[in-house]
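Below are the chains, spelled out letter by letter.
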Amino acid sequence: MAWFTRDKPAVKRGDGEKRVRTEGLWLKCERCGQIVWRKALEDNFQVCPKCGHHGRLDARTRLAMLFDEGKFEEFDQGLASTDPLAFVDSKKYSDRLAASQAATQLRDAIISGGGKLNGRRVYVCAMELKFVGGSMGTVVGEVITRAIERSIQHTVPLIIVSASGGARMQEGAISLMQMAKISAALMRLDEARIPYISVLTDPTTGGVTASFAMLGDLNVAEPGAQIGFAGPRVIEQTIRQKLPAGFQTSEFLLQHGFLDALVKRADLKNYLSKALDFFLLPAEQNAGQDSQKNRVTRAS
Amino acid sequence: MADSPDPETIAAATNPTWERVLLARHPKRPHSADYISRVFTGFSELHGDRFFGDDAAVMGGFAFLDARPVMVIGQEKGRDTKQKLHRNFGMPKPEGYRKALRLMRLAEKFQRPIVTFLDTVGAYPGIDAEERGQAEAIANNLREMSRLGVPVVTVVIGEGGSGGALGLGIANRVYMLENAYYSVISPESCAAIIYRDSGRAAEAAQALRLTAQDLERLQLIDGIIEEPAEGAQTDPNRAAEFVKETIQRAVAELAPLTSKELIDDRYNKFRRMGNFFAEGQGA
């Protein structure tokens, strides 16, 4: 027997909607666990304002961040894989591609852009991790190779921002050969003495690390990124022991001599600009300035 | 893997791709050392990367193809248990790739053709290999091999395990033995990812299209070298004869080309690989 009885029927809840939606407005930082306003995180390009943790940044925002006023021209955005192996696992690869295309509004895991970086013309390719794990198949291979060829043709420096699980297994050995194709093109870029800066972000692994990501004139990484060749689980199975803390982080690679620098996202644009100054400021003009300075010094 | 043949044998009976993978891994299958001793004369092994050490998983040295001096480099698995441990089961570490590049540059300096044999399940996935830059070592080889001004001929003799194999495979001519495979990922790892069960490797092998016949159809290799009878293990001498004929023919074809022509030939070959995309108007 209840103490109170209800006169009116209870307020009906909408179907499914059981509480006020707050999700999406606030996020919890993966590292420090603090609650961060989503807008604050977006304004800070996914870097936690509380602890400085570098969250993953999508390719389009990355390009907008690097190019002046966020403006850039897109190249080869129409290339799409034709699923040459007719690969099927738990899902058809063609369905997987379609789902990724719908989710990212991209045709494959890369955006190739051209524009100004602090006033200097540059090409930047950024990989999109949300597209089949940022994996490299025939389209990523072709888009990057074309970007390299464009750099050579127009004598414009190249920056590639990696975020990838490696070669795309759904395109089999064709993906593997993209490592060779891109690396060979980078040989030509190297011979043409056009700067190429590789920016490694979380995560960069497998065939991407073992090809273009490690072949920059400069290889720089964001702090705390996972970077490696073999996957941590594969290594643990091979050696049958747990991996040490901090293994395969950008800090680990820096310590072992495989990165030129760690660069925070907030500093990345200016860092790239400064590095390109080092590569590209006319040498004679500098020498001229120096000799003039020397003359003045001597005269006084 | 060979210790529990039962499920594998069953799978092989219904899956010709898996049958080839098992042949590529056959315990009696000729390895790099077997081909080197049969195809060439006067092989003298050269050791060390001059930075860290000598990786026994990569065997390299100078030799003679009939009268022609050549540099030969191969991934070597080892035959008995002791050798296998010494050779790290044919899984190269960074110093292996760096030694190979050192030998290739030496060959280039004296204008000698280079022959490489690929036979590895993959580059060694270990802590020390990562610390010494496995990815950098492979990446550097991919770029540097593409600018070698001498003929480079590669034969995949057994397992062409991903980037670990490719790290010695940027050649003007790439051939595969009939029962060799060349893959972006091992069938076991692929199965572990897509089925969450490495035991379904046979299925994964089929999906990956990794046989010599698949790679030829996809225009990723220049030709298939026939194997005797039931596979190279049944008659290593004859298998080596077939390999030798192919290498001789390729080297003879490439020998008249200039350094620039050789570099361009190699570049154009890899540049064309994987034109399996449609050009649309953008997303």
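Novice: I tried to follow the overall build of chain A on my own but got confused; where do I start?
Specialist: When helices and strands are tallied, chain A shows 10 helices and 10 strands. Overall size of chain A, expressed as C-alpha extent along the three principal axes, is 105 × 55 × 45 Å. Counting over 300 residues, chain A shows a buried share of 50%. Residue pairs in contact within chain A that sit at least 24 positions apart in sequence constitute 67% of those at least 6 positions apart.

Novice: Hey, could you run me through the packing of helix α9 (residues 187-194) of chain B against helix α10 (residues 201-208) of chain B in this one?
Specialist: Two quantities define a packed helix pair, namely the angle between the helix axes and the distance between the axes. Residue and element names in this part refer to chain B. At a minimum axis distance of 8 Å, the contact between α9 and α10 shows a crossing angle of 100°. Overall, the two elements α9 and α10 adopt an arrangement that is roughly perpendicular. For the pair α9 and α10, the contacting residues are Pro-187, Glu-188, Cys-190 and Ala-191 in the first and Ala-201, Ala-204, Ala-205 and Leu-208 in the second. Among the residues forming the contact of α9 with α10, the class breakdown is 7 nonpolar, no polar and 1 charged.

Novice: When you look at unusual backbone geometry in this model, what are you seeing that I'm missing?
Specialist: Residue and element names in this part refer to chain A. Residue Pro-203 is bonded to the preceding Asp-202 through a cis peptide linkage, with omega at -15°. Residue placement: Pro-203 occurs in strand β8 (residues 196-204). Positive phi, close to 65°, is recorded for Gln-46, a residue that is not glycine. Within the fold, Gln-46 resides in the loop between α1 (38-43) and α2 (59-66). For Thr-155, which is not glycine, the phi torsion reads 50° and is therefore positive.

Novice: Can you help me understand the pattern of salt bridges in this one?
Specialist: Opposite charge on two side chains permits pairing when their charged atoms draw close. In the structure shown here, the tally under the stated rule is 47 salt bridges over all chains. Two residues, Lys-39 of chain A and Asp-43 of chain A, come together in a salt bridge whose shortest N-O distance is 3.1 Å. Pair noted here: Lys-39 of chain A and Asp-43 of chain A are both in helix α1, with a separation of 4 residues, about one helical turn. Lys-39 of chain A gets classed as partly exposed once you look at its relative accessible area, which sits at 42%. For Arg-168 of chain A, the salt bridge goes to Glu-171 of chain A, with nearest N and O atoms at 3.8 Å. With respect to class, Arg-168 of chain A is no different from Glu-171 of chain A; both count as buried. Counted as one network, the salt bridges with shared partners bring together Asp-76, Glu-142, Arg-146, Glu-149, Arg-150 and Lys-181 of chain A together with Arg-271 and Glu-279 of chain B.

Novice: Just checking my understanding: could you explain the nonpolar core for this structure?
Specialist: Across soluble globular proteins, nonpolar side chains show a tendency to be buried alongside one another. Residues Phe-212 of chain A together with Tyr-35, Phe-40, Phe-117, Tyr-182 and Ile-247 of chain B are the most contacted members of the largest nonpolar core, which totals 164 residues. Tallying contributions element by element places helix α5 (residues 172-191) of chain A first for this core, with 11 residues. If we ignore the near neighbours within four places in the chain, the residues touching Tyr-35 of chain B are Pro-30, Phe-40, Phe-117, Ile-157, Leu-177, Ala-232, Ala-239, Ala-240 and Val-243 of chain B.

Novice: Honestly, the packing of aromatic side chains in this entry has me stumped. Any pointers?
Specialist: Geometrically, a pair of aromatic rings is defined through the distance of the ring centres and the angle of the planes. For the structure on display, the rule yields 6 aromatic pairs over all chains. Cluster of aromatic residues (ring-pair linked, three or more members): Tyr-35, Phe-40 and Phe-117 of chain B. When the ring centre of Tyr-267 of chain B is taken as origin, the NZ or CZ atom of Arg-188 of chain A, which lies over that ring, is 3.7 Å away. The ring of Tyr-195 of chain B has Arg-200 of chain B lying over it, and the distance from NZ or CZ to the ring centre is 4.0 Å.

Novice: Explanation requested: the pairing of strand β9 (residues 218-221) of chain A in the structure shown.
Specialist: Within a regular strand, side chains alternate between the sheet's two faces. Residue and element names in this part refer to chain A. With burial as the criterion, each face of β9 is covered, one bearing Leu-218 and Val-220 and the other bearing Asn-219 and Ala-221. Across 4 bridges, the pairing between β8 and β9 is parallel. Counterpart to Ser-198 in the pairing with β9 is Asn-219. Relative to strand β10 (residues 261-262), β9 runs parallel, the two sharing 2 bridges. Opposite Ala-221, over in β10, you have Leu-262 as the bridge partner.

Novice: Could you clarify how one ought to interpret the interface of chain B and chain A in this entry?
Specialist: It is common to report an interface's size as the accessible area lost on association of the parts. Taken together, the 54 residues of chain B in the interface contact 61 residues of chain A. Note on chain B versus chain A: buried area summed over both sides is about 4,900 Å², and carbon and sulfur give 69% of it. Linking chain B with chain A are 6 salt bridges. With a shortest N-O distance of 2.7 Å, Arg-146 of chain A and Glu-279 of chain B are connected by a salt bridge. Applying the counting criterion to the chain B and chain A interface returns 17 residue pairs in polar contact (both at pLDDT 80 or more). Of all the secondary-structure elements, those providing two or more residues to the side of chain B that touches chain A are α6 (127-131), α7 (134-145), α8 (162-166), β7 (181-183), α9, α10, α13 (259-271) and β9 (277-279) of chain B. Counting residues per element, the side of chain B that touches chain A draws most heavily on α7 of chain B, at 8 residues. Grouping the constituent residues of the side of chain B that touches chain A by class yields 30 nonpolar, 13 polar and 11 charged.

Novice: Can you walk me through the environment of Gly-52 of chain A in this structure?
Specialist: Tracing the backbone through its elements, the reader meets Gly-52 of chain A in the loop between α1 and α2. Classification of Gly-52 of chain A by relative accessible area gives partly exposed; the value is 31%.

Novice: Just checking my understanding: could you explain α13 of chain B for this structure?
Specialist: Taking 1.5 Å as the rise per residue, α13 of chain B with 13 residues should run 18 Å; its terminal C-alpha atoms sit 18 Å apart, in good agreement. Taken as a whole, α13 of chain B has its buried residues at Leu-262, Ile-263, Arg-266, Tyr-267, Lys-269, Phe-270 and Arg-271 of chain B. Where α13 of chain B is buried, its residues contact α4 (138-154) and α5 of chain A together with α7, β5 (152-161), β6 (173-177) and α12 (236-254) of chain B.

Novice: Please clarify how the environment of Gly-114 of chain A should be interpreted in this entry.
Specialist: All names here are of chain A. If you trace the backbone, Gly-114 turns up in strand β5 (residues 110-117). Between the C-alpha atom of Gly-114 and that of His-53, which follows or precedes it by 61 residues, the distance is 29 Å. Ignoring sequence-local partners within four residues, the contact set of Gly-114 consists of Phe-67, Phe-72, Glu-73, Phe-75, Arg-121, Val-122 and Tyr-123.

Novice: Would you explain the packing of helix α2 (residues 16-24) of chain B against α10 of chain B in this entry?
Specialist: Residues and elements named next belong to chain B. At a closest axis distance of 8 Å, the pairing of α2 and α10 adopts a crossing angle of 105°. It follows that α2 is roughly perpendicular to α10 by the angle criterion. Of α10, the residues touching α2 (which contributes Thr-17, Trp-18 and Val-21) are Ala-201, Ala-202, Ala-205 and Gln-206.

Reading guide: rules and limits
The residue numbering used here restarts from 1 in each chain and proceeds along that chain's sequence as written. Chain letters start at A and ligand numbers start at 1, both assigned in the order the entries are written. Where totals are concerned, whole chains, interfaces and linings use all residues; where local detail is concerned, this predicted model gives features only for residues with pLDDT of at least 70, and gives and counts side-chain atom pairs only at 80 or more. Values reported for side chains reflect all heavy atoms of the structure, with hydrogen atoms and water molecules removed beforehand. In this text, helices come from DSSP runs of H or I with a minimum length of four residues, and strands from runs of E with a minimum of two, each type numbered from the N-terminal end. Here the term buried applies to any residue with accessible area under 20% of the maximum for its type, exposed to any over 50%, and partly exposed to those in between, with areas from a 1.4 Å probe on protein chains only. Throughout, a contact is declared for two residues whenever any of their heavy atoms are within 4.5 Å. Note on geometry: axes are C-alpha line fits, over the in-contact stretch for helices, and angles between N-to-C directions span 0 to 180 degrees. Angle categories are assigned with fixed cut-offs, so that under 35 degrees is roughly parallel, over 145 is roughly antiparallel, 65 to 115 is roughly perpendicular, and the rest are oblique. Charged means Asp, Glu, Lys or Arg here, nonpolar means Ala, Val, Leu, Ile, Met, Phe, Trp, Tyr, Cys or Pro, and polar covers whatever is left, Gly included. A pair is scored as a salt bridge if a Lys or Arg side-chain nitrogen falls within 4 Å of a carboxyl oxygen belonging to Asp or Glu. Put simply, a nonpolar core is a bunch of buried Ala, Val, Leu, Ile, Met, Phe, Trp, Tyr and Cys residues held in one set by side-chain atoms that sit within 4.5 Å of each other. Between rings of Phe, Tyr and Trp, where Trp is taken as its six-membered ring, a pair exists when centres lie within 6.5 Å; planes separated by under 30 degrees are stacked, by over 60 edge-to-face, and by other angles tilted. For a ring to carry a charge above it, either NZ of a lysine or CZ of an arginine must fall within 6 Å of the ring centroid while also lying within 35 degrees of the normal to the ring plane. Criterion used throughout: strands pair if DSSP finds at least two bridges between them. As used here, buried area is the combined drop in accessible area, with a 1.4 Å probe, of two parts when they are placed together. N or O atoms closer than or at 3.5 Å make up a polar contact, with two conditions inside protein: a donor-capable atom paired with an acceptor-capable one, and, for residues adjacent in sequence, both atoms drawn from side chains. Here, expected helix span is obtained from the residue count minus one, scaled by 1.5 Å.

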